[in-house]
Each structure stands twice: as C-alpha cells, then as structure tokens.
Amino acid sequence: MTTGDDARVFAGHWVFETNLRPLCEAVAHFTGYAFDDWDRQAIDGAVAATDAERRDGWYAYPLAGRVPLTLFVAGDPGSAVVFVRFAGEAGEAEKARIEAALHIFSTWAVP
C-alpha cells in the first residue's frame, strides 16, 4: 500500500463511501477505461484494510485507459467517507471533469 503521495497526483478529496463506485465509473468514462465488476470487487475488497491516517494505509489501483491513471483510495474508519486521489498525466479537460466529479460525489449521496 502507499500513501498516495505520488508526485503526479492532481486531484483528491473525500467522497461518500457509497459514491466510490459511481466516481470510479465516471472517471473511467472520462479517461477511456472499461471499469467493470472485477474492478469494483478489487477496490471494494481492498478498502476495508485501508486507513487514510496511516502512511501505509492507502490502496493503489491502476485505471489503464486512453488516459492512464492511478486511483489511490483509503477509508476513514468510523465514518461514511473514503479519501481518493488520482495520479497520472491527464489533460486539462480530464482534470476538470474529475474535479467536478469529486465535488459532486462529496456533496450528494447518489442512490
């Protein structure tokens, strides 16, 4: 695990835990990655063992689409949120879309 302190990190925030999958699906759509149930299971299975306050408490997951990114995710024990960061060489348009998605998924709980 990693802290998510990759020098290429360009976006990060917390999101409601229930919004992690829709966030990943939105980012995958923006970057040309085919996010599927295997991805969801890998990320969901790893989040339980993470902790944003531990240096080694982050999980890194590659989203290898047209714009390759790494998702860093860590839980916040005792709360209903997870922290996420994205690293990679995204263009300005992708960065803006990802920032907007982070805002949406940290503001409203998506059913």
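Once a new chain begins, its residue numbering starts again from 1 and follows that chain's sequence as written. Local features in this predicted model are restricted to residues of pLDDT 70 or higher, and side-chain atom pairs are both shown and tallied only at a pLDDT of 80 or more, whereas totals for entire chains, interfaces and linings draw on every residue. With hydrogens and water stripped out, all remaining heavy atoms of the structure feed into the side-chain values.

Attention now goes to the packing of helix 1 (residues 20-31) against helix 2 (residues 37-47). Axes here mean lines fitted to C-alpha atoms, for a helix over just the part in contact, with angles spanning 0 to 180 degrees between N-to-C directions. Helix and strand assignments come from DSSP, with helices taken as H or I runs of at least 4 residues and strands as E runs of at least 2, each series counted from the N terminus. Following both chains from N to C, one finds helix 1 and helix 2 inclined at 135°, their axes separated by 11 Å at the closest point. Viewed along their axes, helix 1 and helix 2 adopt a mutual orientation that is oblique. As helix 1 packs across helix 2, the resulting crossing turns out to be right-handed. For the pair helix 1 and helix 2, the contacting residues are Leu20, Arg21 and Cys24 in the first and Asp37, Arg40, Ile43 and Val47 in the second. Under the grouping applied here, Gly and all other residues not named as nonpolar or charged are polar, the nonpolar ones being Ala, Val, Leu, Ile, Met, Phe, Trp, Tyr, Cys and Pro and the charged ones Asp, Glu, Lys and Arg. Partitioned by chemical class, the residues of the contact of helix 1 with helix 2 number four nonpolar, no polar and three charged. The labels follow the angle: roughly parallel below 35 degrees, roughly antiparallel above 145, roughly perpendicular from 65 to 115, and oblique for the rest. In this scheme the crossing of two helices becomes right-handed for a clockwise turn of the near helix relative to the far one and left-handed for an anticlockwise turn of less than a right angle. In what follows, a contact means two residues having at least one pair of non-hydrogen atoms within 4.5 Å.

Right, let's get into the packing of helix 1 against helix 3 (residues 92-107). Where helix 1 contacts helix 3, the two axes come as close as 10 Å, and the packing angle between them is 165°. What the angle tells us is that helix 1 and helix 3 run roughly antiparallel. In this structure, helix 1 crosses over helix 3, and the sense of that crossing is right-handed. Residues Pro22, Leu23, Ala26, Val27, Phe30 and Thr31 of helix 1 pack against Glu94, Arg97, Ile98, Ala101, Leu102 and Phe105 of helix 3.

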